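# Examination of the molecular architecture
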Amino acid sequence: MHRRKRLIQDLPTSKIRALAMGLVEIKGKATHHKQNLFKSPINHKDCVYYKFTIEEYKKQGKSSKWVLIQKNERREPFLVQDETGSVLVDPKGAAIDIPIDYEYESSFGRDPPKIVMEYLAQRNISFENILGLNKTMRYREYYIAPNDKLFILGTAGKNTLVASAVKNTDNIIIQTGPKNMPFYISDKKEEEITKSLNWKSIALIIGGTILFSLGGYFILTMNI
């Protein structure tokens, strides 16, 4: 996370018309490529990417936690446009950092909305237990819609997906790169991203230090 933060801070934002091969940072609005515009599964919103998750709150021993029951995700190439042009982005393999667009919880005495119930019925997923009582379940939908502003850190390379996708950039695509090269898509501003990554890296360092210290303490105690 610290490495990603430093890359974002140090790498200048490229204009799409002037993209060079290799690791690039771009900002622009999402739009669809040809017919790659589809509907989100629950709210049926036009989008170029979506993810829908179903979780159940389960007791495991003395603790309880949300357990993933199903994840439905669709990643198709889409265009990102700035004031200079457009470029194709293939989101496969990217870390996608976007907020929840829809969330609902069903539980005892609280049924899922009709659109969620229809989705569950189509996939033979029950929101009730064997006694016919509602389970405690959570439904979340995320999507990237046309005209959403995006920040992308990825690898620009030769476009092998289409022969002539976009004027001026029809031979370039942003996609996953060599091993250990970041590929990151977010609808947050650059300042928000670096601030978030900074706090996360600090928390992980502190947490790792505490765990390391506790491990050393227990080893010493056992030896004594």
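In short, a report on the structure. Given the structure is predicted, the values throughout are model-derived calculations rather than measurements.

### What about a nonpolar patch on the surface?
A contiguous nonpolar surface patch, about 540 Å² in accessible area, is contributed by Phe108, Ile130, Leu131 and Leu133. Tracing the sequence through the fold places phenylalanine 108 in the loop between strand 9 (102-106) and helix 2 (114-122).

### A few points about the layout of surface pockets
The computed volume of the largest pocket comes to approximately 190 Å³. Lining the largest pocket, in full, are Lys27, Gly28, Lys149, Leu150, Phe151, Ser186, Asp187, Lys188, Lys189, Glu190 and Glu191. Elements supplying a minimum of two residues to the lining of the largest pocket: strand 1 (22-32), strand 11 (149-158) and helix 3 (190-223). Each residue belonging to the lining of the largest pocket can be placed in one class, and the counts come to 2 nonpolar, 2 polar and 7 charged.

### Examining the packing of aromatic side chains
Under the criterion given, the structure shown has 4 aromatic pairs. Between the aromatic rings of phenylalanine 38 and tyrosine 50, the centroid separation amounts to 5.7 Å while the plane-to-plane angle is 80°, which identifies the pairing as edge-to-face. Here the residue phenylalanine 38 occupies a position in strand 2 (residues 38-39), and tyrosine 50 occupies one in strand 4 (residues 49-60), the gap between them amounting to 12 residues. Tyrosine 50 carries the same exposure label as phenylalanine 38, and that label is buried. A ring pair is formed by phenylalanine 52 and tyrosine 119, whose centres lie 4.8 Å apart and whose planes are at 75°; its orientation type is edge-to-face. One end of the pair, phenylalanine 52, is in strand 4; the other, tyrosine 119, is in helix 2, and 67 residues separate them in sequence. You can call phenylalanine 52 buried: its relative accessible area is 0%. We classify tyrosine 119 as buried; its relative accessible area is 3%. Taking the ring centre of tyrosine 104 as reference, the NZ or CZ of arginine 110 above it sits at 4.5 Å.

### Observations regarding the environment of leucine 88
Examined against the element boundaries, leucine 88 turns out to sit in strand 7 (residues 85-89). When its relative accessible area of 1% is taken as the criterion, leucine 88 is described as buried. The spacing of leucine 88 and isoleucine 174 is 86 residues in sequence and 6.4 Å in space, taken between C-alpha atoms.

### Some words on the sheet that holds strand 10 (residues 137-144)
The strands making up a sheet associate through hydrogen bonds between their backbones, and the pairing can be parallel or antiparallel. Pairing in this open sheet of 4 strands is antiparallel, and the strands run 5-4-10-9 from one edge to the other. On the outer flanks of this sheet lie strand 5 (63-75) and strand 9, each paired with one strand and no other. The sheet shows a mean angle of 15° between the axes of neighbouring strands, taken without regard to direction. Bridge count for strand 4 against strand 5 is 12 bridges, and the pairing is antiparallel. When the bridges of strand 5 are listed, glutamine 60 appears paired with serine 63. Taken strand by strand, helix 2 contacts strand 4, strand 5, strand 9 and strand 10, and its axis lies near 85° from that of strand 4.

### Points about the pairing of strand 10
Most of strand 10 sits inside the fold, with 8 of its 8 residues counted as buried. Judged by which residues are buried, strand 10 turns out to be covered on both faces: Met137, Tyr139, Glu141 and Tyr143 on one side and Arg138, Arg140, Tyr142 and Ile144 on the other are all buried. Sheet topology places strand 9 next to strand 10; 5 bridges connect them, and they run antiparallel. In the strand pairing of strand 10, glutamate 103 is matched with arginine 140.

Criteria and thresholds
- What you see as residue numbers is a count from 1 along each chain, following the sequence as written.
- Reporting of local features is limited, given that this is a predicted model, to residues whose pLDDT is at least 70; pairs of side-chain atoms are given and counted only at 80 or more, and all residues count toward the totals for whole chains, interfaces and linings.
- Water and hydrogen atoms were dropped before computing side-chain values, which therefore reflect all heavy atoms in the structure.
- Every patch collects residues that have over 30% relative accessible area and no salt bridge, joining them within 9 Å if they carry like charges and within 5 Å if they are nonpolar side chains (Val, Leu, Ile, Met, Phe, Trp, Tyr).
- Every accessible area reported is derived by Shrake-Rupley at a probe size of 1.4 Å, with residue values counting cover from the shown protein chains alone.
- Here, a salt bridge means any Lys or Arg side-chain nitrogen found within 4 Å of an Asp or Glu carboxyl oxygen.
- By the criteria applied, helices consist of DSSP H or I runs no shorter than four residues and strands consist of E runs no shorter than two, each listed in order from the N terminus.
- Grid spacing is 1 Å over the protein atoms alone, the probe is 1.4 Å, and a cavity is where that probe fits but cannot get out, while a pocket is an open set with protein on both sides within 12 Å along at least five of seven lines and lining residues have an atom within 4 Å of a point.
- Grid points are joined across faces, edges and corners, and a volume is the space filled by probe spheres set on the points.
- Only Asp, Glu, Lys and Arg are considered charged in this grouping, and only Ala, Val, Leu, Ile, Met, Phe, Trp, Tyr, Cys and Pro are considered nonpolar; every other residue, Gly among them, is considered polar.
- Any Phe, Tyr or Trp ring, taking Trp's six-membered ring, that has another such ring centre within 6.5 Å forms a pair; planes under 30 degrees apart are called stacked, those over 60 apart edge-to-face, and the others tilted.
- Each residue gets one of three labels from its accessible area relative to the maximum for its type: buried under 20%, exposed over 50%, partly exposed in between, using a 1.4 Å probe on protein chains only.
- Lysine and arginine charges are scored as sitting over a ring when NZ or CZ, respectively, is within 6 Å of the ring centre and within 35 degrees of the ring normal.
- When DSSP finds at least two bridges between two strands, those strands are taken to pair.
- All axes here are fitted lines through C-alpha atoms, helices being fitted over the stretch that makes contact, and every angle between N-to-C directions spans 0 to 180 degrees.
- By definition in these notes, contact holds between two residues if any of their heavy atoms fall within 4.5 Å.

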